[in-house]
Amino acid sequence: MCIRDRWSDKMGEIIISTAKMEDAEELNRIECAAFPSAEAASLESYKYRITNINDWFLKAEEDGKIVGLICCRPVAIEGVTDDMYEPEPVADGKVICILSVATEPSLQRRGIAAKLIEALIAKAKERGMDAVSLACKDKLVHYYAKFGFVLNGISASEHGGVQWNDMILRF
């Protein structure tokens, strides 16, 4: 799969590509606008992720403006743990853990996040990964189920002081 995939909708063309260091501040601004402050990653974390796990950090652009992101990392286990969110190494493996999916709040409900998730799933399959995992709140379980994710229990993660659900998509 070419990571520079393109989709068009009634609002314009969406281009999915790999994040770059010069995107860090804008990507972090979008995450901070989309998540409560206790759950949003820091700019330091974003810079670490772009530097160290860049291959799994995708952005969506429309008319040259960043409108969404999906940030992931390869891990050795299914399920999400708090250390996966930290800007430090974790055991690498054949599972892709989604750390964040965020869309510019004024552009939500246009399918931008769905396009990012679909691009990530295709990339993970192409790269021979075994699964994609994520942690989400109750209200998003049905959303991720549309992509084939299944509920895998309550997450070990307490990131941001929230109870999360582990979801998994195995290939």
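Refer to the structure printed above.
Residues numbered from 1 in each chain as written. Predicted model: local features only at pLDDT ≥ 70, side-chain atom pairs only at ≥ 80, totals over all residues. Heavy atoms only, no water.

K.L.:
Sorry, what's going on with the pairing of strand β4 (residues 65-75) here?
P.N.:
Summarising burial for β4: 10 of the 11 residues are buried, a large majority. Where strand β3 (residues 57-62) lies against β4, 6 bridges are found, and the strand directions are antiparallel. By the bridge assignment, A60 is partnered in β4 with G68. Hairpin connection between β3 and β4: a loop of 2 residues separates the two successive antiparallel strands, and D63 in this loop has a positive phi of roughly 50°. Across 8 bridges, the pairing between β4 and strand β5 (residues 95-103) is antiparallel. Looking across to β5, one finds that I70 is bridged to V101. (Buried < 20%, exposed > 50% of the residue type's maximum accessible area, 1.4 Å probe, protein only. Helix = DSSP H or I, 4+ residues; strand = E, 2+ residues; numbered from the N terminus. Pairing = 2+ DSSP bridges.)

K.L.:
So what exactly am I meant to see when it comes to the nonpolar core here?
P.N.:
Most often, soluble globular proteins keep nonpolar side chains buried together rather than apart. Ranked by size, the top nonpolar core spans 30 residues in total, and within it I70, I96, I98, I117, L120, Y144 and F149 carry the most contacts. Going through the elements one at a time, β2 (12-18), β3, β4, β5, α3 (112-126), β6 (131-136) and β8 (165-170) are the ones with two or more residues in this core. With 9 residues, the single largest contributor to this core is α3. In this structure, Y144 is in contact with V101, I117, L134, C136, F149 and M167, ignoring residues within four places of it in sequence. Counting residues in each nonpolar core, the second largest holds 24 residues, with A19, I30, I66 and M84 among its members. (Core = buried A, V, L, I, M, F, W, Y, C linked by side-chain atoms within 4.5 Å. Contact = heavy atoms within 4.5 Å.)

K.L.:
Explain the side chain of K123 here, please?
P.N.:
For K123, the location among the structural elements is in helix α3. In terms of polar contacts, K123 uses its side chain to reach the backbone carbonyl oxygen of D55, at 2.2 Å. (Polar contact = N/O pair within 3.5 Å; in protein donor to acceptor, adjacent residues only side chain to side chain.)

K.L.:
Where do I start with the packing of aromatic side chains in this structure?
P.N.:
One pair of aromatic rings is described through two measures. These are the centre distance and the angle between the planes. Counted according to the given criterion, the structure contains 4 aromatic pairs. Relative to Y144, the ring of Y143 lies with its centre 5.3 Å away and its plane at 80°, an arrangement referred to as edge-to-face. Between Y143 and F147 the ring centres are 5.3 Å apart and the planes differ by 70°, which places this aromatic pair in the edge-to-face class. Taking relative accessible area as the criterion, Y143 reaches 21% and is therefore assigned partly exposed. According to the relative accessible area criterion, F147 is buried, its value standing at 17%. One aromatic cluster is present, built from ring pairs that chain together Y143, Y144, F147 and F149. Residue placement shows K123 over the ring face of W56; its charged tip is 5.0 Å from the ring centre. We note R127 situated over the ring of W56; from NZ or CZ to the ring centre the distance is 5.6 Å. (Phe/Tyr/Trp six-rings, centres within 6.5 Å; stacked < 30°, edge-to-face > 60°. Lys NZ or Arg CZ within 6 Å of the ring centre and 35° of its normal.)

K.L.:
Got a minute to help me understand helix α1 (residues 24-34) in this structure?
P.N.:
Structurally, the α-helix is built with 3.6 residues per turn, so residues lying three or four positions apart point the same way. Looking only at α1, the buried set comprises A24, L27, N28, I30 and E31. Down the axis of α1, the sector holding all buried residues measures 155°, keeping them to one side. Elements that come into contact with the buried residues of α1 comprise α2 (43-52), β3, β4 and β5. (Arc of directions from axis to C-beta.)

K.L.:
How should the packing of α1 against α2 be read in this particular structure?
P.N.:
Packing of α1 against α2 brings their axes to within 9 Å, and their N-to-C directions diverge by 125°. Relative to α2, the element α1 lies oblique. With respect to the hand of their crossing, α1 and α2 are arranged in right-handed fashion. Counting all contacts with α1, which are made through A24, E25, L27, N28 and E31, the residues of α2 involved are L43, Y46, K47 and I50. By residue class, the composition of the contact of α1 with α2 is 5 nonpolar, 1 polar and 3 charged. (Axes fitted to C-alpha atoms, helices over the stretch in contact; angles between N-to-C directions. Parallel < 35°, antiparallel > 145°, perpendicular 65-115°, else oblique. Left-handed = near helix turned anticlockwise from the far one by under 90°. Nonpolar A, V, L, I, M, F, W, Y, C, P; charged D, E, K, R; others polar.)

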